[in-house]
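Spelled out from the first residue to the last, the chains are:
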Amino acid sequence: MSSYSIHKEENLLVFMITREHKRNAINYEVMDGLLKVIKMTKQEANIKGLVITGEGESAFCSGGDLSAFQNLITAEDAYNMLSKMSKILYKLTTLNKPTIALINGTAVGGGCELATACDFRIAKKGTKMGFIQGTLAITTGWGGGSLLLEKLENEVALKLLMEARPLPAEDLYNKGFIHAIYDQVSMEVVQQFFANINRIHTNVLSAYKEILVRKWKVTQLEKRMEEEVRTCSTLWSMESHHQAVNKFLTKNK
Ligand SMILES: CC[C@H](C(=O)O)C(=O)SCCNC(=O)CCNC(=O)[C@H](O)C(C)(C)COP(=O)(O)OP(=O)(O)OC[C@H]1O[C@@H](n2cnc3c(N)ncnc32)[C@H](O)[C@@H]1OP(=O)(O)O
């Protein structure tokens, strides 16, 4: 069974992580799927934007697949995986078309990093989201911390990262991280959110994204995300992280 699906909804491409049994955790197959859909969105002239979401109602994405990655022990092992996904999130955040994270359920860890790499975030009422990496004795490791510090005021972003705890979508809306909240999420609410943007020619939308990306090139966002990956890789190799992961993976056993 595939770990993701890609389908077209009018002039949007929709990427869905289809791993509800693991709360839509990201494995290497999901990473490769993200690369594929980013390329499709960029290349297809009749596509005006990309939506990223998760299967089911329980979770948008629970971050990296801890069972798939638990055998990454050394800093070098971790770096290879973290760097792969960080590069994907940089491609996503600099994509020349608007991107929307449709938060259908809980988003934690790398799931919040994936959402942060999108231009806009719309969430189901009551959804909880948290950069919980700190509870695993690591930092964000896919560049999501650098991205969050680009998208929110420094103090607001720093507090979310340092507290490492899930907050309801309503709080995150007040902090400017969530852009719209709906009782239920569906492609109908995405089209409603996207309606006014959709009226504008795609060349204009791409031009605005290029203005934003130009700023990030000047401030070396890509280099800052790479340095974040190296920091996380070092923390990943420490016993405190491995113990935290083992505790999670054995909690239901
Ligand atoms: C890779 C690095 C990356 C980074 O930022 O650098 C990260 O993402 S680090 C953070 C990794 N993510 C987590 O630590 C989150 C772990 N998951 C949870 O906290 C919970 O599952 C939650 C809150 C998402 C949902 O809780 P709920 O009670 O609804 O479900 P369960 O915990 O019972 O989980 C159901 C089932 O899914 C498995 N699962 C959930 N998340 C992951 C995951 N990230 N990796 C692997 N497997 C995951 C969980 O083990 C259960 O499996 P089962 O076989 O049924 O016991």
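Remember, predicted model here, so these are calculated numbers, not experimental data. (Residues numbered from 1 in each chain as written. Predicted model: local features only at pLDDT ≥ 70, side-chain atom pairs only at ≥ 80, totals over all residues. Heavy atoms only, no water.)

1. Let's talk about the packing of helix 5 (residues 144-151) against helix 10 (residues 221-236)
In step 1: Running from N to C, helix 5 and helix 10 cross one another at 135°; their axes reach a closest spacing of 8 Å. Viewed along their axes, helix 5 and helix 10 adopt a mutual orientation that is oblique. Contacts from Gly144, Gly145, Ser146, Leu147 and Glu150 in helix 5 reach Leu221, Arg224, Met225 and Glu228 in helix 10.
In step 2: Within the contact of helix 5 with helix 10, the residues separate by chemical class into 3 nonpolar, 3 polar and 3 charged. (Axes fitted to C-alpha atoms, helices over the stretch in contact; angles between N-to-C directions. Helix = DSSP H or I, 4+ residues; strand = E, 2+ residues; numbered from the N terminus. Parallel < 35°, antiparallel > 145°, perpendicular 65-115°, else oblique. Contact = heavy atoms within 4.5 Å. Nonpolar A, V, L, I, M, F, W, Y, C, P; charged D, E, K, R; others polar.)

2. A few points about the sheet that holds strand 6 (residues 106-108)
In step 1: Across the sheet, which stays open at both edges, the 4 strands sit in the order 4-6-8-9 with mixed pairing between neighbours. Either end of the sheet is taken by a strand with one partner, and the two such strands are strand 4 (59-61) and strand 9 (167-168).
In step 2: As paired elements, strand 8 (residues 128-130) and strand 9 share 2 bridges and run antiparallel to each other. Bridged to Lys128 within strand 9 is Pro168. (Pairing = 2+ DSSP bridges.)

3. Considerations on helix 3 (residues 75-93)
In step 1: Spanning 19 residues, helix 3 covers 26 Å between terminal C-alpha atoms, matching the ideal 27 Å at 1.5 Å per step.
In step 2: Every buried residue of helix 3 is listed here: Ala78, Tyr79, Met81, Leu82, Ser83, Met85, Ser86, Ile88, Leu89, Tyr90, Leu92 and Thr93. (Expected span 1.5 Å × (residues − 1). Buried < 20%, exposed > 50% of the residue type's maximum accessible area, 1.4 Å probe, protein only.)

4. Quick word on the confidence of the model for the chain
In step 1: Averaged over all residues, the pLDDT of the chain is 97; the fraction at 70 or higher stands at 100%.
In step 2: Per the prediction output, this complex has pTM 0.98; the corresponding ipTM is 0.98. (pLDDT = per-residue confidence, 0-100.)

5. With respect to the site of the ligand
In step 1: Among the 26 residues in the neighbourhood of the ligand, the closest are listed as Ser62, Gly110, Glu113, Gln133 and Lys251.
In step 2: In this structure, an oxygen atom belonging to the ligand sits 3.2 Å away from a main-chain N or O atom of His21.
In step 3: In the environment of the ligand, an oxygen atom lies 2.9 Å from a nitrogen or oxygen atom belonging to the backbone of Gly64.
In step 4: Calculation on the ligand without its partners gives an accessible area of 1000 Å², and the protein chains cover 76% of this total.
In step 5: Here the ligand is seated within the largest pocket.
In step 6: Sorting the residues of the shell around the ligand by element identifies helix 2 (66-69), helix 3 and helix 4 (110-116) as the ones contributing at least two each.
In step 7: The residue inventory of the shell around the ligand, partitioned by class, reads 10 nonpolar, 10 polar and 6 charged. (Near = heavy atom within 4 Å. Polar contact = N/O pair within 3.5 Å; in protein donor to acceptor, adjacent residues only side chain to side chain. Areas by Shrake-Rupley, 256 points an atom, 1.4 Å probe, with all protein chains shown as cover. 1 Å grid on protein atoms, 1.4 Å probe; cavity = no way out; pocket = protein on both sides within 12 Å on 5 of 7 lines; lining within 4 Å. Sits in = over half its atoms within 2 Å of the grid points.)

6. Considerations on a positive patch on the surface
In step 1: There is a patch of like positive charges on the surface, built from Lys22, Arg23, Lys251 and Lys253.
In step 2: Looking at the element boundaries, Lys251 is found in the segment after helix 11 (239-249). (Patch = residues over 30% accessible without salt bridge, like charges linked within 9 Å, V, L, I, M, F, W, Y side chains within 5 Å. Salt bridge = Lys/Arg side-chain N within 4 Å of Asp/Glu carboxyl O. Lys, Arg positive; Asp, Glu negative; His and termini not counted. Charge placed at Lys NZ, Arg CZ, Asp CG, Glu CD.)

7. A closer look at the side chain of Thr94
In step 1: As for its placement among the helices and strands, Thr94 is situated in the loop between helix 3 and strand 5 (99-103).
In step 2: Residue classification places Thr94 among the buried positions, given a relative accessible area of 18%.
In step 3: At 2.7 Å, the side chain of Thr94 and the backbone oxygen of Tyr90 are in polar contact.
In step 4: When sequence neighbours within four positions are dropped, the list of residues in contact with Thr94 reads Val213 and Trp216.

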